[in-house]
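# Summary of the model geometry
Each chain, written out:
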Amino acid sequence: MSDTLNLVERPDGTIVNETNADPAVARLTGYRRYWVSADLGQANDFTAICVLEDKQIPEMTPDGAQLGPRRLNVVYADRFRGVSYVAVVDHLVRLKNAPPFGGKSQLVIDGTSIGRVVSDMFDDQGVPHFAVQMTSGQEWRRNGKYINAGKTFMIENTAVMFASGELQFAQDLPLRDEIEADLATFTTSTTAAGNQVITQQRSRGGHGDLGISLIVGAFAAQHLKPQLSGQGSLAGWY
C-alpha cells in the first residue's frame, strides 16, 4: 500500500483521494472552501474584507488514510474607502469569483445599517449571500439570507477558534497587525445583573472594521452552513 495519497480537488471544492480500487485504502472526501466576509463602511469609514480558507483534507497517517483536522486560515485582507456602494458590490462579486475562490466561496456581509441596502444590491445581481445583523445577547437565528446574531456571541466564537488553533493567520498576511489591533479593542465586563457585556474601543488606527469583518467571517464559517464533514468508505469492501 502506498504511503502517499492521490488527491483530486474538484471545482466545487471537494477533495477526494483516488484509491485506484485498492480495497485497503479508505476512500475519503474532504473539502476546501472560502468565506468572503465584508464590513461595510459608511461615509468616510473603511470597508474591510477578510477571506477565510476553510479546509479539511485527507492525509496519510501511520494508521492509514484519514481526514486531517479542520483548519481555517485568514488568507486575504483588504480595506478601502472613498468609493461608491456600487463599486464595493462589484469588487466583492469579482473577488468572490476570482481564483482560487471561484466556485467554492460564500459571501457574507455585516448586514447592520447600510448592509441591508447593499444586500438588496446583491439580490439585484442574483448573487447569493448572507447578511449578518449584530444584536445583543448570546444567541443567533436565521431567516433566509438574514441572520440576527449576538455580537458578544460572535466575538466569543472567534476567540475560542483562535484559542483552539482552529483559526489562524496565513503567513505574511497583509494587514495582520491591524486585524490583531482591532481584535484587541474588544473588552469584557459584567453588569450588576451578572450579564457579560463586550464593548469596543477604537483601535490605534482609529478603526475596527477589519476586526468586525473577521468576526463575521468566523461566525459564518462555524454556524451558517452545515459542515462538510469528512466521508469515508473502504472501496471494494462489503
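All of the points below concern the structure found in this document. No experiment lies behind these values; they were computed from the predicted model shown. (Residues numbered from 1 in each chain as written. Predicted model: local features only at pLDDT ≥ 70, side-chain atom pairs only at ≥ 80, totals over all residues. Heavy atoms only, no water.)

In this section: the packing of helix α3 (residues 151-164) against helix α5 (residues 209-223). For any two helices packed against each other, one specifies the inter-axial angle together with the distance between the axes. Running from amino to carboxyl end, α3 crosses α5 at an angle of 80°, the nearest separation of the two axes being 9 Å. Put simply, α3 runs roughly perpendicular to α5. The residues of α5 that touch α3, namely those facing Lys151, Phe153, Met154, Ile155, Asn157, Thr158, Met161 and Phe162, are Ile212, Leu214, Ile215, Val216, Ala218, Phe219, Gln222 and His223. Among the residues forming the contact of α3 with α5, the class breakdown is 11 nonpolar, four polar and one charged. (Axes fitted to C-alpha atoms, helices over the stretch in contact; angles between N-to-C directions. Helix = DSSP H or I, 4+ residues; strand = E, 2+ residues; numbered from the N terminus. Parallel < 35°, antiparallel > 145°, perpendicular 65-115°, else oblique. Contact = heavy atoms within 4.5 Å. Nonpolar A, V, L, I, M, F, W, Y, C, P; charged D, E, K, R; others polar.)

In this structure, glutamine 133 sits in strand β9 (residues 130-135). Of note is the side chain of glutamine 133, whose polar atom sits 2.8 Å from the side chain of asparagine 148. In this structure, glutamine 133 is in contact with Gly111, Thr112, Arg116, Tyr146, Ile147, Asn148 and Ala149, ignoring residues within four places of it in sequence. (Polar contact = N/O pair within 3.5 Å; in protein donor to acceptor, adjacent residues only side chain to side chain.)

Quick look at the packing of aromatic side chains now. As enumerated under the stated definition, the model contains four aromatic pairs in all. Against the face of phenylalanine 46 rests arginine 79, its NZ or CZ located 4.9 Å from the ring centre. Sitting above the plane of the tyrosine 146 ring, arginine 116 keeps its charged end 4.3 Å from the centroid. (Phe/Tyr/Trp six-rings, centres within 6.5 Å; stacked < 30°, edge-to-face > 60°. Lys NZ or Arg CZ within 6 Å of the ring centre and 35° of its normal.)

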